[in-house]
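Architecture at a glance
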Amino acid sequence: NALLTQSRLILLDASLIFFTGLTVMFWALFFTESHRPFGNRWWGYLLLTGVNLGNALSCKWVGLFLIATIGVWTLKDLWEKLGDLSITPAQYFKHFVARAISLIVVPLVVYLFWFQVHFSVLHKSGDGNAFMSPEFQNTLDGVNLGHTPRDVYYGSRVRIRHDATNAGYLHSHLSNYETGSKQQQITLYGFRDDNNYWVLTRTEDSEEAHQNSTTPNELQQIKDGDIVRLLHWRTHRRLHSHNERPPVTTNDYQNEVSGYGWEGFKGDSNDHWRVQILEGDSSIPDSKKKLMSIHSKFRLVHVNQRCALFSNRKKLPKWGHEQVEVSCMKSAKFPKTLWRIESNVNENIPASAPLAEYRRPSLIQKVLEATAVMWRVNNGLTKSHPYESRPHTWPWMRRGMAFWGSDSRSIYLLGTPILWWLSFVAVTSFAAVQVVLFLRDRRGFHDRLLGARERYMESVGFLSIGWVLHWIPFFLMGRQLFLHHYLPALWLAILALVGSLDLFTRRLSRKVRQVLMFALLLATVRMYFQYSHIAYGSPWTREGCERSKWFKSWDYDCSRFPVLHVTT
Amino acid sequence: MESRNLKQRGHHSPVIPETLPFKADDVAGEHSRGAKYTVDTLDADGEGASSKTYGAYPIVSTVQRDDGGTGNNDKSITDFSAVSLAAGIQGIMRSQDLVTVMVLTVLSLMTRLYRIGRSNRILWDESHFSSTYAPKYLNHTFYHDVHPPLAKMLVALAQVVAGFNGSDLKQSNKYPEYVNYTMMRVQIAMYGVALVPLAYLTCLQLRLSRPMAILAASFVLFDNAICVMSRFVLLDAQLLFFTALTLFSAATFQNVNKYAEPFSHRWWAWLSMTGFSLGCVMSSKWVGLFCVILVGIVTAEDLFRKFCDRIPWEDYTMHWLARINGLIVLPLVIYMACFWIHFKLLYRTGPGEHKMSANFQARLLGSKLNSQPYDITYGAFVDMRSMYNGPGLLHSHIHRYPSMSRQQQVTCFPHRDTNNIWQLHKGRGIAANYTLDKIEFINHGDIVQLVHNNTGAVLRSSKEFLAPLTTSHFEVAAENITASSDVDISDWRVEVVQQKHSKRSDKRLHAMTTVFRLRHASMGCLLRVGSRRLPKWGWSQSEVTCLPDSTHKKDVKSKDVLWYIEHNTNKRMLNDDLSKYVKGDFIIDMIQLNIEMGKTNSALSPDRDKYNALESDPWSWPFLIYPMRMVGWSDKTIKYYEIGNPILWWASAIVCIMYPFRLVYWLACQRRQCSGWRSGELLELWDNSKLLWGGWALHYLPFFLMGRVTYIHHYLPALYFALLQLAFDLDLVFKHWRRGRYLRLAAWCIGTLVCLVFLYFAPFTFGWDRPAKELAGRRWLSTWNIYEDIYAM
């Protein structure tokens, strides 16, 4: 019933389980061909296994567990082949390469292929933009980061982007901190507006020196090591830092960064920042020495406090419009103190000046970036949810999941109990039997069990290992988990159940077997109908509902079903 | 012993080639079964049913099996198994070894003690161990630290010997004139000195050739990092010593277990020795647990093999029991004994006491809870604690409930605060002068009012108002009595439930030992606190409610309605020594202290974005990427730099990382039946190297999972294993290369090279008092902050 419920709604799990099934099927077919290695069908099944592995992986990362399953089994198979002296080293190498290509390279290619499709279908910019780097965004329609003059001069009006977090631009606005110095807020803001503009100016002394020099009107490029001031274009505050703690992060090695000053104010030495260029574009060697928009990644080091402008995705409270906190950190590690100039405006720059533009990332770079972002977001799903459950409750189905409910109907994810429990018994008994057999082996008893042992290992063994690998890794995950994460494991366990039943009953007479099978089928169908009401969301009676509620922890709501009036 | 083994060998070996009950493809990886299969056939033939074969392991390496036709079996038996066998275990040590050990010890003394008292600064973590924690043992004040006590008690012992008076050096950064810090350092360095001969003896047990065993010892001798960490009053030398001792005794026990009669005196002795050193290493630092795991795994493997050997059940059970006793019970006893001594020594109040229970604090001499009047009278000022674990002390403050009565909040607050003090008054309407009237004790059944000392408000509860979160209970609030004194809602009846640690069945209220309930006089509800926390308006403190009168016995006995008086101030009474009345339970104290240690430990979490010159991540350790400055780096100070011997670190890292791959390669070769190993040799190799590599992996890899701050010296125990592994592999290579012709030469060359590198970096180890810039040439990696720091701004 759980598989059914999950498949009837538009969710990702149905396709995942479908591809899991396909993979296992082709893998099994591949093994039936193992006596004719390198034949057409052998190759066909192997490649199809690989393709579907890739498909499963592209649906959800749970596909990785499937890859692990197949990988474990391949290693076992290869280890057995290693002991088979009739296979020459050359043949062995061929076996190895064939599997490596089909089971590693092919799935990766498929994964890349689906991403290519994804990117070409979703070529417009959307609300996922903010997660991605500017290079990535540049490949989307509707985003025009365009190009901007390359060289940055004193007096340029620039927009500065935080490099590591993609959280946005160095920003200020006419609101003050409610903590610390109560001066004007400095934040990161994800969208482009005029409040992101900063004018890079000289310090007071060097400005004076410059005015007195012979060429006061000549444009002067900013170099690595220069001390600059950043003037907020709209509000005439200067980027300022001092010995106050930031509003959210309260470490004593971090300073508040504020906007301070007013129009006409000459500024003070706490407005001085040293430009320290750490990375440049390798194709333009000068970008490590002179400040260039887009190409140069630099830190801004506060001269008096010796701290670097820093941000770490921490959100300010409501009074900060929930924008991202910017602070100044002493002895910070490099990555989160890197900034880049994204747009650079200066009226005095000749139109012929060289321009800078974001590079276009290759498909692989894009996929890597998207994967990394997915990983980060996935790990961030740690909020609690009323229907979340931990993996140890899954196999005996302690609790289901409510999907939807209306006045007199509801959809509740609950499996067919007998299948869940028996399949769990099947895989655990496999483990128990293997342990007993192993220990008996070691003590010198070799049980062949009429040849059933190999078959048991090969069929149920594979499925059980798959089940373990689809279940145990969830214990290590910190994110929120739901019952439906168990479904791929369940699918494997149900196959293992049937496989074990087949082997366990093979000594019995045909008739007894048929009776047993029929009984099991009947019980399953009976339960299926019993719980079908909440699977399909069809009408039900309260009595039926309450009778079927075997455990208190199955918390579907019986009271929403009408009471059946029994007339006497 | 010897003759017995030989006899068995003679008895079994002819049997094996004739009877091979296994298929050719079964052979791979099952070399250990020689003995087993022998037993099978003997049993089947009915001849040797009574023969005991579990002592028969040595035959394995000498048995020639005709398995696979690779042509190896005509080679003669190598000396390395035969010698060890013929000589028995006694023969592992020879008289010449005594000379070697002495020479090594002398060399070790020279490197560890050279100018040890040069710097009178309190260096690196000496500020914790030497000047803060260890003196506490001398003046018996209680403290709290993340590490178990043994290593610190050894430091304290060294201080006693050095004649230190235990004065507090916390504020200074130099040892004062009157402190013989050299003497302390020399004593602690002795643990480091012992490391070198121990390494040699361990290698002999692991069947390294003598030249290579000496080389292994010289690796330990000439590693700058191990040397520099042994020269100061820290915990690392002790930890390393006990780790090495564990390895040595585990290796010896492995040999004894393999070649000698089980349950003999030697066998028991070495088993107990292993257990003893495990206990010590655990009690020095928690890293010692990795040693326990290592020995545990090796033991499990041994027991599993014994299981496969089908030895008699009673013997097998005995093996299990012996190991449980020797390797689990004994170390635990030692661990507990260390804590027992710890508690016995620290009987005075001290800065760490607030981590412990009130019960514990009341037993510390001079603590606030220890010295207070034992009897409670009317007019006493008391702090009341809930028996329910967590919420803490009954508390009130000027903030009000946002709804219901809108009177002053009453909560529970875990920390000491003047807002926790309540004065006990007589029931409503009884006028009394608590400074002049006759002293009146409070007994079971008496009516009291609780007056909040800071605000003068009186604890009350009324039917009209329901509790803010637990709405089935009544709200408990406090209000100044003059405002509405006409209603009878502020009287509480004292119900004494239990007099702890007291034989007398008295009904009087006492500090600390009396457990009681407060029942509302008119409503009959009970003052209660549970696990629920108030929202922001209540400062996330615990909600205090009045539990309506209930007939359930469970409710009346449950901890959430039980209270005791933690502290009692009364000017009219004399202070008592409460340790007379309060009895403690050692096990409970120890468990609580361990839990607190764990909490403190995990609270040491770093900021991943901040660069800290002292911290380093585990991945960087084996390659010695971030050595650590141990002192300030100004030009004049004597500078010590924690840098290892780079070639040793790099070589040992490569060897250890490659080890699993080599193992897989060998196994694959064997499966392919084309390996150059004679049967049993690979197993022998595994037996001898598993302790080394396993030790390295277990002392290193878990650090990747740790959230706490990590330093490069955390790698030193792993390094010790890695250095021995390096020597082990060199031994393996040169033993087989031209049949060991170059072994001695190689040992000398490598030893000399290592020694030269050690001397090259020695200024960092023995102290450098000139500008660090002069040593700039020794900056082999750009990340070494020998004279400049890339993160400096």
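Per an unreviewed UniProt entry, the recorded name for chain B is Protein O-mannosyltransferase 2, and the organism is Coemansia furcata.

When its secondary structure is counted, chain A shows 13 helices and 16 strands. Counting all 568 residues of chain A, 49% fall into the buried class. Here the analysis covers contacts within chain A between residues at least 6 apart in sequence; of these, 70% occur between residues at least 24 apart. Summed over its atoms, the accessible surface of chain A is roughly 28100 Å², and 60% of this surface lies on carbon and sulfur atoms.

Turning to the overall build of chain B, a few remarks are in order. In terms of regular secondary structure, chain B is built from 23 helices and 16 strands. A burial count over chain B gives 57% of its 793 residues as buried. Across chain B, every contact between residues at least 6 apart in sequence was considered, and the portion connecting residues at least 24 apart equals 74%.

Another aspect to go through is the state of the cysteines. Note on terminology: disulfide describes a covalent bond linking the sulfur atoms of two cysteines. Throughout the structure, instances matching the rule amount to 2 disulfides over all chains. Paired through a disulfide, A:C307 and A:C328 show a sulfur-sulfur distance of 2.1 Å. Measuring the twist about the S-S bond at about 100°, one finds the A:C307-A:C328 disulfide to be right-handed. Of this pair, A:C307 sits in strand β11 (residues 307-315) while A:C328 sits in strand β12 (residues 324-330), and the two are 21 residues apart along the sequence. What pairs with B:C525 in a disulfide is B:C546, and their sulfur atoms sit 2.0 Å apart. Residues B:C525 and B:C546 are joined through a disulfide that is right-handed, its torsion about the S-S bond being 90°. In this pair, B:C525 sits in the loop between β10 (514-520) and β11 (526-533) while B:C546 sits in strand β12 (residues 542-547), placing the two residues 21 residues apart along the sequence. Comparing B:C525 with B:C546, the two get one shared label, buried.

Turning our eyes to something else, we now look at the packing of aromatic side chains. All told, the structure shown has 67 aromatic pairs over all chains when counted by the stated rule. Taking the centre distance of 4.3 Å and the plane angle of 40° together, the rings of A:W262 and A:F265 count as tilted. For A:W262, a relative accessible area of 46% translates into the label partly exposed. Arranged with centres 5.1 Å apart and planes meeting at 10°, the rings of B:Y175 and B:Y181 form a pair that is stacked. Taking relative accessible area as the criterion, B:Y175 reaches 4% and is therefore assigned buried. Connected via pairs of aromatic rings, a cluster forms that spans B:F290, B:W621, B:W649, B:Y659, B:W693, B:W696, B:Y700, B:F703, B:F704 and B:Y715. Over the face of the ring belonging to A:Y197 we find A:R157, whose NZ or CZ atom lies 4.7 Å from the ring centre. The ring of A:Y169 has A:R159 lying over it, and the distance from NZ or CZ to the ring centre is 5.5 Å.

Another point: the interface of chain B and chain A. Taken together, the contacts link 23 residues of chain B with 34 residues of chain A. Summed over the shared surface of chain B and chain A, the result is 0 salt bridges. The tally of links between chain B and chain A comes to 1 residue pair in polar contact (both at pLDDT 80 or more). The set of elements that each furnish at least two residues to the side of chain B that touches chain A consists of α14 (288-308) and α19 (646-671) of chain B. Its residues assigned to classes, the side of chain B that touches chain A comprises 11 nonpolar, 1 polar and 11 charged.

One pass over the full model with this rule turns up 38 salt bridges over all chains. Put simply, A:R234 and A:D194 hold a salt bridge, and the shortest N to O gap is 3.8 Å. Here A:D194 lies in the loop between β4 (184-189) and β5 (197-202) and A:R234 lies in the loop between β6 (227-232) and β7 (238-242), a separation of 40 residues in the sequence. The network of salt bridges with shared partners includes B:K258, B:E301, B:R305, B:D687 and B:K690.

What follows deals with the side chain of B:E566. Turning to its location among the elements, B:E566 is positioned in strand β13 (residues 563-569). With near-sequence residues (within four places) excluded, B:E566 lies in contact with B:A358, B:L369, B:Q372, B:D383, B:R385, B:L393, B:R416 and B:M512.

With 20 residues, helix α13 (residues 265-284) of chain B extends 28 Å between its outermost C-alpha atoms, agreeing within 8% with the 28 Å of an ideal straight helix rising 1.5 Å per residue. Every buried residue of α13(B) is accounted for by B:W267, B:L271, B:T274, B:G275, B:S277, B:L278, B:G279, B:C280, B:V281, B:M282, B:S283 and B:S284.

What follows deals with the nonpolar core. Residue and element names in this part refer to chain B. Within the largest apolar cluster, 150 residues are counted, with the highest numbers of intra-cluster contacts made by M212, F219, W649, W696, Y715, Y720 and L724. Contacts of Y720, omitting those with residues within four sequence positions, involve L195, L198, A199, T202, V220, L240, A244 and L247. Membership of the second largest hydrophobic core comes to 50 residues, among which are C412, V496, V544 and I565.

This paragraph deals with unusual backbone geometry. What is expected of a backbone is that most residues other than glycine have negative phi and most peptide bonds are trans. Residues other than glycine seldom take positive phi values, yet A:H321 does so here, at roughly 55°. Looking at where A:H321 falls in the secondary structure, it is placed in the loop between β11 and β12. We note that B:S540 has phi near 55°; this positive angle belongs to a residue other than glycine. Secondary-structure assignment places B:S540 in the loop between β11 and β12.

You can see B:V196 is positioned in helix α9 (residues 181-205). Residues B:V196 and B:L534 lie 338 residues apart in sequence; the distance between their C-alpha atoms is 60 Å.

Residues and elements named next belong to chain B. Confidence along chain B averages 80 in pLDDT terms, with 85% of residues attaining 70 or more. For residues 1-90, every residue scores under 50 in pLDDT, and the model assigns this stretch 110 contacts once sequence neighbours within four places are set aside. Quick note on the complex model: pTM equals 0.79, ipTM equals 0.73.

Turning next to the pairing of β13(B). Residue and element names in this part refer to chain B. When you tally the buried positions in β13, you get 6 out of 7 residues, the bulk of the element. Where strand β2 (residues 381-386) lies against β13, 6 bridges are found, and the strand directions are antiparallel. What sits directly across from D383, in β13, is H567. Summarising the sheet, β10 and β13 pair through 2 bridges and their orientation is antiparallel.

All names here are of chain B. Judged from the 2 bridges that link them, strand β6 (residues 447-452) and strand β9 (residues 492-499) form a sheet pairing that is antiparallel. When the sheet's bridge partners are listed, I447 is paired in β9 with R493. As paired elements, β9 and β10 share 7 bridges and run antiparallel to each other. Across the sheet, residue Q499 finds its bridge partner in β10, namely T514.

Bringing the environment of A:T524 into the picture now. Residue and element names in this part refer to chain A. For T524, the location among the structural elements is in helix α12 (residues 510-536). The exposure class assigned to T524 is buried, which follows from its relative accessible area of 15%. Separated by 2.6 Å, the side chain of T524 and the backbone oxygen of L520 make a polar contact.

Attention now goes to a nonpolar patch on the surface. Residues A:F93, A:F96, A:V97, A:I101, A:I104, A:V105, A:L108 and A:V109 make up a contiguous nonpolar surface patch of about 720 Å² in total accessible area. Tracing the sequence through the fold places A:V109 in helix α5 (residues 89-121).

A few words now on α14(B). Relative to the 30 Å expected for 21 residues at 1.5 Å per residue, α14(B) spans 31 Å between its end C-alpha atoms, a close match to the ideal helical length. Two residues or fewer after α14(B) comes B:R310, characterised by a positive phi angle close to 50°.

Rules used throughout
Residues numbered from 1 in each chain as written. Chains lettered and ligands numbered in written order. Predicted model: local features only at pLDDT ≥ 70, side-chain atom pairs only at ≥ 80, totals over all residues. Heavy atoms only, no water. Helix = DSSP H or I, 4+ residues; strand = E, 2+ residues; numbered from the N terminus. Buried < 20%, exposed > 50% of the residue type's maximum accessible area, 1.4 Å probe, protein only. Contact = heavy atoms within 4.5 Å. Areas by Shrake-Rupley, 256 points an atom, 1.4 Å probe, with all protein chains shown as cover. Disulfide = S-S within 2.5 Å. Phe/Tyr/Trp six-rings, centres within 6.5 Å; stacked < 30°, edge-to-face > 60°. Lys NZ or Arg CZ within 6 Å of the ring centre and 35° of its normal. Salt bridge = Lys/Arg side-chain N within 4 Å of Asp/Glu carboxyl O. Polar contact = N/O pair within 3.5 Å; in protein donor to acceptor, adjacent residues only side chain to side chain. Nonpolar A, V, L, I, M, F, W, Y, C, P; charged D, E, K, R; others polar. Expected span 1.5 Å × (residues − 1). Core = buried A, V, L, I, M, F, W, Y, C linked by side-chain atoms within 4.5 Å. pLDDT = per-residue confidence, 0-100. Pairing = 2+ DSSP bridges. Patch = residues over 30% accessible without salt bridge, like charges linked within 9 Å, V, L, I, M, F, W, Y side chains within 5 Å.

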